[in-house]
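If you want the building blocks of each chain, they are given just below.
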Amino acid sequence: MLQKLDIVLRFDLHYRDGKYLYIGHNKVSWLEAVEECKKLNMTLVTIRSEEENSAVLTLLKENRVTLPWIGGYNYQENGEFRWIATGELFSYTKWHNDMSNTNDSNRNCVYMEREGTWNNFNCMAISIYMCELVVS
């Protein structure tokens, strides 16, 4: 793990509130983003509060990055969104217009919009992504 983390440290690893965050620069599908994060012993970012959401948004703006995949998904297509890192149901949300598009079975993966709200979209679409490594 240290070797992989050392490689990332040479590039774009950012420390915020007990997490190392990494913005992937290649555009990939949500599932490919999960795998890219795993290669670094990281996971797609989990956001549990307004403070975490603001920290992620600030980092994205500082790096002029838009529309990244985050770790939310609707695995069973039942409208119950979970975090890929833990399997936990969302306890905090920041949906665009206070709703997710849960009626569309093709929109099961979550990305962050330019203003920091979230939207769900087709998991096969390609986008930038954000990984995290939580430090205890």
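Description of the structure in this document. From a predicted model like this one, the values you see are computed outputs, not experimental measurements.

## Describing the side chain of Thr 46
- Within the fold, Thr 46 resides in the loop between β3 (43-44) and α3 (50-62).
- For Thr 46, a relative accessible area of 1% corresponds to the buried category.
- When residues no more than four places from it in sequence are discounted, the contact partners of Thr 46 are Lys 19, Glu 52, Trp 83, Ala 85 and Glu 132.

## Notes on the side chain of Asn 53
- For Asn 53, the position within the fold is in helix α3.
- Since its relative accessible area comes to 2%, Asn 53 is described here as buried.
- Polar side-chain contacts of Asn 53 include one of 2.8 Å to the side chain of Trp 118.
- Residue contacts for Asn 53: discarding those within four places in its chain leaves Ile 47, Tyr 92, Lys 94, Met 112, Gly 116 and Trp 118.

## Some points on the pairing of strand β4 (residues 69-73)
- In terms of burial, β4 is a largely internal element, five of the five residues being buried.
- Direction of pairing for β4 relative to strand β6 (residues 109-112): antiparallel, over a ladder of two bridges. Paired with Tyr 73 across the strands is Cys 109, a residue of β6.
- With two bridges connecting them, β4 and strand β5 (residues 82-83) associate as antiparallel partners. When the bridges of β5 are listed, Gly 72 appears paired with Trp 83.

## Quick word on the state of the cysteines
- Tallying each qualifying case throughout the model produces two disulfides.
- With its sulfur 2.0 Å from that of its partner, Cys 37 forms a disulfide with Cys 131. Measuring handedness by torsion sign, the sulfur bridge of Cys 37 and Cys 131 sits at about -85° and is left-handed. One end of the pair, Cys 37, is in helix α2 (residues 30-39); the other, Cys 131, is in strand β8 (residues 127-134), and 94 residues separate them in sequence. With respect to burial, Cys 37 and Cys 131 carry one shared label: buried.
- Each sulfur in the disulfide pair Cys 109 and Cys 123 lies 1.9 Å from the other. Between Cys 109 and Cys 123 the disulfide shows an S-S torsion of about 95°. By sign, it is right-handed. Linking Cys 109 in strand β6 with Cys 123 in the loop between β7 (118-121) and β8, this pair joins segments that are 14 residues apart in sequence. The same class applies to Cys 109 and to Cys 123, which are both buried.
- Taken N- to C-terminal, the disulfide-bonded cysteines of the protein chain are connected 1-4, 2-3.

Cut-offs and rules
- Residues numbered from 1 in each chain as written.
- Predicted model: local features only at pLDDT ≥ 70, side-chain atom pairs only at ≥ 80, totals over all residues.
- Heavy atoms only, no water.
- Helix = DSSP H or I, 4+ residues; strand = E, 2+ residues; numbered from the N terminus.
- Buried < 20%, exposed > 50% of the residue type's maximum accessible area, 1.4 Å probe, protein only.
- Contact = heavy atoms within 4.5 Å.
- Polar contact = N/O pair within 3.5 Å; in protein donor to acceptor, adjacent residues only side chain to side chain.
- Pairing = 2+ DSSP bridges.
- Disulfide = S-S within 2.5 Å.

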